[in-house]
Amino acid sequence: MNRIELTRIPFIKNALKSRYPQLAVFIVMLIGYIFAILAGLIGTPVGSHNFSIVFVWIAWWAILILVAVPFFGRGWCAVCPIPLPGEWLQRGAILNPPDKRPKWLNLRFPKMFRNIWLQNISFLLLALFSSVLLTTPNITGIVLAAMLFAAIGLSTVFERRAFCRYLCPVGGFIGLYSQTAPIELRIKDKQICVKCEGKPCYNGSTNGYGCPWDVFPGGLTKNTYCGLCMECIRTCPHDNIAVNLRPFSADLAKPSTRMDEAFKAFIMLGSAIIYAGVLLGPWGAFKDAAYNVGSNAWLVYGVAFLAFIFVILPSLFTLGILNTKSALPLKQRFASLSTALIPLGLMFWVAFSLSFVLTNASYILAAFSDPLGLGWNLFGTANAAWQPMLTSILAPAQTLALVGGLIWSARTAQKAAGEVKVSPIPVIVYCFIVTSLMLWLLL
Amino acid sequence: MKRSELISRILIVAGILLAVGAPLFLWARTPLIHARMAEDGGWSPDLIQAEVGKPLHLKITSDDVVHGFAVGQMDMQSVDVLPGKVTEITLNFDKPGVYTYYCTRWCGLNHWRMRGTIEVSGTPSDPEPATVPLYVSLDLDLDAPHDSPIVPNGKPSATSGQLLETNLPIDQGAEYYRSHSPYQIFADLSNTSLTETQRWDSVAYLWQINTTPESLANGRQLYAQNCAACHGETGAGDGVFADDLEIAGESSMQTMEGAMDMVMQSPVDFTNPRRMLGASPALLQGKILRGGMGTGMPMWGSIFTEEQIWDLIAYIYSFQFEYER
């Protein structure tokens, strides 16, 4: 497969190697994040006019799911402000190398939780409350603050970025979908890593910190757990780390065998389908149930939500692959073949997000000038009227995304099926059925 | 500590202080009046201080749905208060007193509970003597039954009544009209040679000559803005909130003053002739001024002027009488 090493371009390499550009972005992002928390807590409770809702759930989400994840993988994680205060506290420094003696407990994260199940759970928790979370500024403010404090707390107890790696509800699916991105951080020559003494990329050195994501770059084969923090570029004494441009979904050629990742694919696929039906569909009763958190209807909605994701979708998938002839155990076939759902799920989210992003993007202008809803007009756009954008291309763009996702998944299914030596047909049929369902829900 | 580390720390601390401090500071310096549906608190604050002769500048925002803002007993157009937007308004008071501000949009089942108070201090430039409402001077018991024992077969016609107008043996002045119910006047006409229908038509005519097209138009507008939500556009007691009251069932019930029994609220049906033809304009004035004690009917005495109330009453009787078009 052809790859273009971006770090061969001096400007890019210098920009990544230096701490200052990243620090400048970090400071801006952290200020924005704290402002979003504050806006949620003290600004207008009207979500469509509050910075926290408009900039987090419309602007940020649009950038994340339509641009950052598909094209830059974990690019968001590279500039995410959530782990920063905790990390700085953990290191006792912002730019200086850390002391040799850790300042805090510096424990290893418990082995049984060293997977993405906690991230699956944290995502589902937010997903079950999403109707309220996405529309209520003070809930958004509280959740954003809780994530910041959780990251700080985990940094003082566990080593490295335990929050990002094991708990962040967003990081889990970004990692899953980052495998499809045309960008990667990899070593150039494995032998150099094998011979490298001290492994400063993992353990840190005077030039930088050991991998905050608890990854040894020498063993990187997929993007899932590399946060693109660029520390290894700074610490590698052999200039053996490269950032490459590569074909889309290169990581998916080698399917995963992990159940936590397989279920992540189902969680994301199922959530997109349910959101499309509940949040965008014409069924008022579903919406009421989703919005009335704590009510009996909401409990039914929650149970149905979880059943769809954990029972219905995986059961149908299992039924489909049950009779595929293979020497491999069903569990392994299930995990490997579910890789095909990764591009499909991403495209489901792209199609779903296009709906509400294009519908609500005009709120960004008004919130930009009056972020707290206090009657300000900082940039003269406070009175910008709500106006859905590009409505004429919405349906074609969604169709393109879904059909494209189906083709992409079919191709991925062929590769994954080839790896486990089974027929891809059941998986392709499954993808076709769920895509048809999504098309029906969105169009 | 390296210089770069120190500068970074200073920048980050300054950035965080800026992100927290600046919005908090500006937020604290921007006092807003928040409008929320009555179930969620209504106006906040619900008490505003002002002074005679000093403009009162208000910034109002809605935290939920579209509300309206107006001050009772003042000659002002109500302004809309939109969710997440800030509406600014300047009020000038030339008389001290306690004013009521209220929501002018049908925002929810308890819309009429959305009221606040403006206490205006200062010395009146031209003190006005207080006047006693007619229903008080007549010593009317507003809660006593007042059904008309006889009702007309159809809607009495003021036009037909006008043709019979000559030699009506009754006072046609405003005081007589306001202090008598249609049925009382119908009864007063019993010693004439008029048929029952003609007597009702004469009553309708009397009601018509005690109002004007302008008053009726004003009454219609006041009714549409403030009454139709419960009493219905046609006066049948079937406004949009009447349905909500029925749906709300027990949760919308209230206790009548002094009693423990829960009573279902039900807006009065102005098309019911038995009820309306037994009520004098003075009685309706009392009910509007005071409100229906213990029911959902709010008191409007602090909001409508006396003239507005008479206009409204004249319009309410149009559900019973066919006026000349």
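Just so it is clear, the model here is predicted, and its values are computed rather than measured.

## Points about the confidence of the model for chain B
Residue and element names in this part refer to chain B.
Thought 1: Of all residues in chain B, 92% attain a pLDDT of 70 or more, and the chain-wide mean is 89.
Thought 2: The weakest mean pLDDT in chain B belongs to strand β10 (residues 254-255) at 54; the strongest belongs to strand β3 (residues 47-51) at 97.
Thought 3: Across the predicted assembly, pTM comes out at 0.87 and ipTM at 0.88.

## Some points on helix α6 (residues 117-128) of chain A
All names here are of chain A.
Thought 1: Between its terminal C-alpha atoms α6 stretches 16 Å, which fits the 16 Å expected from 12 residues at 1.5 Å a residue.
Thought 2: Among all positions of α6, only L118, Q119, N120, S122, F123, L124 and A127 are buried.
Thought 3: Tucked inside the fold, the buried residues of α6 contact α7 (130-133), α9 (162-167), α10 (169-177) and α14 (259-278).

## Digging into the nonpolar core
Thought 1: Formed by 132 residues in total, the largest nonpolar core has its most connected members in L269(A), F348(A), A351(A) and C431(A).
Thought 2: A per-element tally of this core places α14(A) first, with 13 residues.
Thought 3: If you count residues domain by domain, this core takes at least three from each of domain 1 (4-180) and domain 2 (255-442) of chain A.
Thought 4: Setting aside anything within four residues of it in sequence, one finds C431(A) in contact with A340(A), L344(A), L406(A), S409(A), A410(A) and A413(A).
Thought 5: Core analysis: the next-biggest nonpolar cluster, separate from the first, contains 61 residues, W106(B), M276(B), L283(B) and L284(B) among them.

## Topic: the domain arrangement of chain B
All names here are of chain B.
Thought 1: The assigned domain composition of chain B is domain 1 (33-121) and domain 2 (134-317).
Thought 2: Distance between the C-alpha centres of domain 1 and domain 2: 29 Å.
Thought 3: Facing the 9 residues of domain 1 at the interface are 13 residues of domain 2.
Thought 4: When grouped by side-chain class, the residues that make up the side of domain 1 that touches domain 2 number 4 nonpolar, 5 polar and no charged.

## Considering the interface of chain A and chain B
Thought 1: Listed per partner, the contact involves 22 residues of chain A and 23 residues of chain B.
Thought 2: Within the side of chain A that touches chain B, the residues separate by chemical class into 16 nonpolar, 6 polar and no charged.

## Some thoughts on the environment of M112(A)
Thought 1: Structurally, M112(A) is set in the loop between α5 (84-91) and α6.
Thought 2: Each C-alpha atom of the pair M112(A) and G172(A) lies 17 Å from the other, and the pair is 60 residues apart in sequence.

## Here we look at the pairing of strand β4 (residues 56-62) of chain B
Residues and elements named next belong to chain B.
Thought 1: Relative to β4, strand β1 (residues 33-35) is paired through 3 bridges, and the arrangement is parallel. Bridge pairing in β4 links A35 to S62.
Thought 2: As judged from the 6 bridges shared by β4 and strand β7 (residues 86-91), these two strands associate in the antiparallel manner. Residue pairing for β7: H57 is matched across the bridge by T90.

## Focus on the domain arrangement of chain A
Residues and elements named next belong to chain A.
Thought 1: Each domain of chain A was delimited in the assignment, giving domain 1 (4-180) and domain 2 (255-442).
Thought 2: Each of domain 1 and domain 2 was reduced to a C-alpha centroid, and the two centroids are 22 Å apart.
Thought 3: Taken together, the contact pairs 36 residues of domain 1 with 30 residues of domain 2.
Thought 4: When residues of the side of domain 1 that touches domain 2 are traced back to their parent elements, those giving at least two are α2 (19-42), α3 (51-72), α6, α7 and α10.
Thought 5: By residue number, the principal contributor to the side of domain 1 that touches domain 2 is α3, which donates 11 residues.
Thought 6: Partitioned by chemical class, the residues of the side of domain 1 that touches domain 2 number 25 nonpolar, 11 polar and no charged.

The rules we used
Residues numbered from 1 in each chain as written. Chains lettered and ligands numbered in written order. Predicted model: local features only at pLDDT ≥ 70, side-chain atom pairs only at ≥ 80, totals over all residues. pLDDT = per-residue confidence, 0-100. Helix = DSSP H or I, 4+ residues; strand = E, 2+ residues; numbered from the N terminus. Expected span 1.5 Å × (residues − 1). Buried ≥ 20, exposed ≤ 12 C-beta atoms within 10 Å, placed from the backbone. Contact = placed C-beta atoms within 7 Å. Core = buried A, V, L, I, M, F, W, Y, C linked by C-beta atoms within 7 Å. Domains from an automatic or database assignment. Nonpolar A, V, L, I, M, F, W, Y, C, P; charged D, E, K, R; others polar. Pairing = 2+ DSSP bridges.

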